[in-house]
Amino acid sequence: MTSTSFISVHITAPSRAEAEKIARALVQEKLAACVNIISGARSIYMWEGKLAEEDEVLLIAKTRTSLFESLRKFVKTLHSYECPCIVAVPIAAGHQPYLDWVQKETTS
């Protein structure tokens, strides 16, 4: 098992309550081993031709690369945004016992 078998998935949510709902569901469904919730993000972006600024909550989910598509579809069903940020970042290297744990916790 190589470290490239794992990803961190960044997801933004409009509130801590929604972030916690998504995080709990991902862990309970074994689509992520762990989800960090980081409050205080400020997003500046273009939406429908206008500059938008919003306070958001950032989720960082650790999972296996092979689970990304299932995770993405699952988050989309729970998320209130029309076009939620759900992006995967490959884990190039990591503490092997941690990666072993991620593997164990995301295996049905």
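One can find the structure itself at the top, above this paragraph.
In this text the structure is predicted, and so the values were computed from the model without any measurement. One numbering rule holds for all chains: residues counted from 1, following each sequence as written. Under the rules for a predicted model, residues below a pLDDT of 70 receive no local features and side-chain atom pairs below 80 are neither given nor counted, while totals for whole chains, interfaces and linings still include all residues. Heavy atoms from the whole structure form the basis of all side-chain values; hydrogens and water molecules are not counted.

(A) Representation of the overall build of the protein chain within the structure. The number of helices and strands found in the protein chain is three helices and four strands. Counting from the N terminus, the helices are the DSSP runs of H or I reaching at least four residues and the strands are the DSSP runs of E reaching at least two. Ordered by position from the N terminus, the helices and strands of the protein chain form the series β-α-β-β-α-β-α. Radius of gyration: C-alpha atoms only; globule rule: 2.2 Å multiplied by the number of residues to the exponent 0.38. What you see for the protein chain is a C-alpha radius of gyration of 14 Å, in line with the 13 Å of a compact globule of 108 residues. Overall, the protein chain is about 45 × 25 × 25 Å in size when its C-alpha atoms are taken along their principal axes. Residues counted as buried form 36% of the 108 residues belonging to the protein chain. Accessible areas in this description were obtained via Shrake-Rupley with a 1.4 Å probe; residue shielding takes into account the shown protein chains only. Total accessible area on the protein chain stands at roughly 6300 Å², and carbon and sulfur atoms take up 57% of it. His is not counted, nor are the chain ends; Lys and Arg add positive charge and Asp and Glu add negative charge. All charge positions are set by atom: Lys at NZ, Arg at CZ, Asp at CG, Glu at CD. Placing the 12 positive and 12 negative side-chain charges of the protein chain at their respective mean positions leaves the two points 6 Å apart. Burial here depends on accessible area, computed with a 1.4 Å probe over protein chains only, as a share of the maximum for the residue type. Under 20% is buried, over 50% is exposed, and the range in between is partly exposed.

(B) Quick peek at the packing of helix H1 (residues 16-28) against helix H2 (residues 68-78). Where H1 meets H2, the closest approach of the two axes is 10 Å, and the angle between their N-to-C directions is 140°. For the element pair H1 / H2, the angle class is oblique. Crossing geometry of H1 relative to H2 is assigned as right-handed. Each of Glu18, Lys21, Ile22, Ala25 and Leu26 in H1 lies in contact with H2, whose residues at this interface are Leu71, Phe74, Val75 and Leu78. Three classes are used: nonpolar for Ala, Val, Leu, Ile, Met, Phe, Trp, Tyr, Cys and Pro, charged for Asp, Glu, Lys and Arg, and polar for all others, with Gly counted as polar. Of the residues that constitute the contact of H1 with H2, the class distribution is seven nonpolar, no polar and two charged. Axes here mean lines fitted to C-alpha atoms, for a helix over just the part in contact, with angles spanning 0 to 180 degrees between N-to-C directions. Just so you know how the angles are binned, under 35 degrees is roughly parallel, over 145 roughly antiparallel, 65 to 115 roughly perpendicular, and the rest oblique. What makes a crossing left-handed is the near helix being turned counterclockwise from the far one by less than a right angle; a clockwise turn instead makes it right-handed. Whether two residues are in contact is decided by their heavy atoms: any pair within 4.5 Å suffices.

(C) Summary view of the packing of aromatic side chains. Centres within 6.5 Å make a pair out of two Phe, Tyr or Trp rings, where for Trp the six-membered ring is used; the pair is then stacked when the planes are under 30 degrees apart, edge-to-face when over 60, and tilted otherwise. Considering all chains together, one arrives at one aromatic pair under this definition. A ring pair is formed by Tyr98 and Trp101, whose centres lie 5.5 Å apart and whose planes are at 40°; its orientation type is tilted. Of this pair, Tyr98 and Trp101 both sit in helix H3 (residues 96-105), three residues apart, roughly one helical turn. With relative accessibility at 32%, the residue Tyr98 sits in the partly exposed group.

(D) Inspection of the nonpolar core at higher detail. In terms of nonpolar packing, the biggest core is built from 19 residues, with Val9, Ile11, Leu26, Leu59 and Leu71 touching the most fellow members. Listed by contribution, the elements that provide at least two residues to this core are strand S1 (6-13), H1, strand S3 (50-64) and H2. Once you skip the residues sitting within four places of it in the chain, Ile11 turns out to touch Leu26, Val57, Leu58, Leu59, Leu71, Val75, His79, Cys85 and Ile86. Here, nonpolar core refers to any group of buried Ala, Val, Leu, Ile, Met, Phe, Trp, Tyr and Cys residues whose side-chain atoms link them within 4.5 Å. In terms of nonpolar packing, the next biggest core, distinct from the first, is built from five residues, Phe6, Ala33, Ile91 and Val102 among them.

(E) Quick look at the pattern of salt bridges. We count a salt bridge whenever a side-chain nitrogen from Lys or Arg sits within 4 Å of a carboxyl oxygen from Asp or Glu. Within the structure shown, the criterion is met by seven salt bridges. Between Glu20 and Arg24 there is a salt bridge, with the nearest N and O atoms lying 3.8 Å from each other. Here Arg24 and Glu20 lie together in helix H1, a separation of four residues that amounts to about one turn. Salt-bridge contacts for Glu69 lead to Arg72; the nearest nitrogen and oxygen are separated by 2.4 Å. Of this pair, Glu69 and Arg72 both sit in helix H2, separated by three residues, roughly a single helical turn.

On their own, these measurements won't tell you what the molecule is for.
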